[in-house]
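Spelled out, the chains give:
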Amino acid sequence: DTGLEKTKDNFFSKITKVIAGKSTVDDDVLDELEEVLVTSDVGVKTTLKIIDRIQARVAQDKYVNTSELNKLLKDEIQQLLAENNSNDFVNFEYGSHKPYVIMVVGVNGVGKTTTIGKLANKLKEAGNKVVLGAADTFRAAAVAQIQLWGERIGVKVVAQAMGSDPASVAFDTLRSAVANGDDVVIIDTAGRLHNKVGLMNELTKIKNVMQKVVPGAPHEILLVLDASTGQNAIEQCKQFTEATDVNALALTKLDGTAKGGVVIGISDQFKIPVKYIGVGEGVNDLQLFDRQAFVDSLFK
Ligand code: GDP
């Protein structure tokens, strides 16, 4: 059980239909394949890129049996993912930065808090000392929810009253981390996208304050996106990458959706590594994104 069954079933059954009763990969097959990719939320641009590449290979070999289409497609997807996911993250250890500071961004409801809780737990299990900062001070529920996660997994949460300055919470959290010799800091932030300039200013302020305590922080600006929203996730990615220097992505709710193809499109369009995937609501339902495992699970 990889958590990607729905995407796989969708993908696989559609491709099986495309090649049913056909022996060679011809223009009709490619047209239908194009439709499969688009309706699997790979996105139009990325789909065209994949189709072009397959077309080139078919032209080169003159005759390609439909039974080889899966392999061709798998190769192309793997290559696309490889171009943008140079690191295969094998564990939850982050090397030389101490503390390693992760600032988490994303709109409400995408699974930000849940991802923070799961990630903190993984990091803790990997032997790291972790602290969380509740810098989404805009919603009372956000602070309460991250505190609940902290209790659940036994990780300290630094918080202030609702409505207080998010940058001040981030500052307190980093100071606490330095004083305690913590290994990883994860800072939650408010994801109010309706005002991009406001969002940009707020995130910049938080970053500036962090650098006063830990030069080079944040080391990771992690954007959380809900994969089940398909093309909306791509739009959010566009907005957030314009507002701040996102350098890692988490795609959540892949367990509940057939839209897992969006991982391929986002990776191709934004050239930002997909670092984590969420495959359920439970504490253990977070995986480091492994491009090989991902592609394998789509085709097996
Ligand atoms: P936030 O508003 O972005 O902080 O979102 P939450 O962390 O509160 O998550 C919103 C809802 O999505 C909650 O009910 C979570 O349990 C659920 N959720 C988060 N991640 C996943 C996931 O990977 N899979 C599933 N099925 N549900 C998830």
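What counts and what doesn't
- Residues numbered from 1 in each chain as written.
- Predicted model: local features only at pLDDT ≥ 70, side-chain atom pairs only at ≥ 80, totals over all residues.
- Heavy atoms only, no water.
- UniProt positions renumbered as here; feature names shortened; annotations may be inferred.
- Core = buried A, V, L, I, M, F, W, Y, C linked by side-chain atoms within 4.5 Å.
- Buried < 20%, exposed > 50% of the residue type's maximum accessible area, 1.4 Å probe, protein only.
- Contact = heavy atoms within 4.5 Å.
- Axes fitted to C-alpha atoms, helices over the stretch in contact; angles between N-to-C directions.
- Helix = DSSP H or I, 4+ residues; strand = E, 2+ residues; numbered from the N terminus.
- Parallel < 35°, antiparallel > 145°, perpendicular 65-115°, else oblique.
- Left-handed = near helix turned anticlockwise from the far one by under 90°.
- Nonpolar A, V, L, I, M, F, W, Y, C, P; charged D, E, K, R; others polar.
- Pairing = 2+ DSSP bridges.

- Looking at an unreviewed UniProt entry, one finds the protein named Signal recognition particle receptor FtsY and attributed to Mucilaginibacter frigoritolerans.
- According to the UniProt record, the Catalytic activity (unreviewed entry) comment for the protein is "GTP + H2O = GDP + phosphate + H(+)".
- Taken from UniProt, the Sequence similarities (unreviewed entry) comment for the protein reads in full: "Belongs to the GTP-binding SRP family. FtsY subfamily."

**So, the nonpolar core**
Here is step 1: Among the nonpolar cores identified, the biggest contains 97 residues, and Leu73, Ile186 and Ile266 are the most heavily contacted of them.
Here is step 2: Residues in contact with Leu73, not counting those within four places in the same chain, are Phe11, Ile15, Leu33, Leu37, Ile50, Ile54 and Phe299.

**As for the packing of helix H1 (residues 5-19) against helix H4 (residues 69-84)**
Here is step 1: For the pair H1 and H4, interaxial distance at closest approach is 11 Å and the crossing angle is 135°. For the element pair H1 / H4, the angle class is oblique. As for the relative orientation of H1 and H4, their crossing is right-handed in sense. Every residue of H4 that contacts H1 at Phe11, Phe12, Ile15 and Ile19 is listed here: Leu69, Asn70, Leu73 and Ile77.
Here is step 2: A breakdown of the residues in the contact of H1 with H4 according to their chemical character gives seven nonpolar, one polar and no charged.

**Examining the environment of Leu203**
Here is step 1: As for its placement among the helices and strands, Leu203 is situated in helix H8 (residues 196-213).
Here is step 2: Remark: the alpha-carbon pair of Leu203 and Arg57, spanning 146 residues in sequence, is separated by 45 Å.
Here is step 3: If sequence neighbours within four positions are ignored, Leu203 has contacts with Met103, Val105, Thr189 and Thr244.

**Some remarks on the sheet that holds strand E5 (residues 220-226)**
Here is step 1: As summarised here, the arrangement of the eight strands in space is E3-E2-E4-E1-E5-E6-E7-E8, forming an open sheet in which the pairing is mixed. Each edge of the open sheet carries a strand with a single partner, namely strand E3 (156-158) and strand E8 (286-288). Put simply, the sheet's adjacent strands are angled 25° from each other on average, direction ignored.
Here is step 2: Relative to strand E4 (residues 184-189), helix H5 (residues 112-125) is tilted by about 175°, and along the sheet it contacts strand E1 (100-105), strand E2 (130-135), E4, E5, strand E6 (248-252), strand E7 (274-278) and E8.
Here is step 3: Relative to E1, H8 is tilted by about 170°, and along the sheet it contacts E1, E4 and E5.

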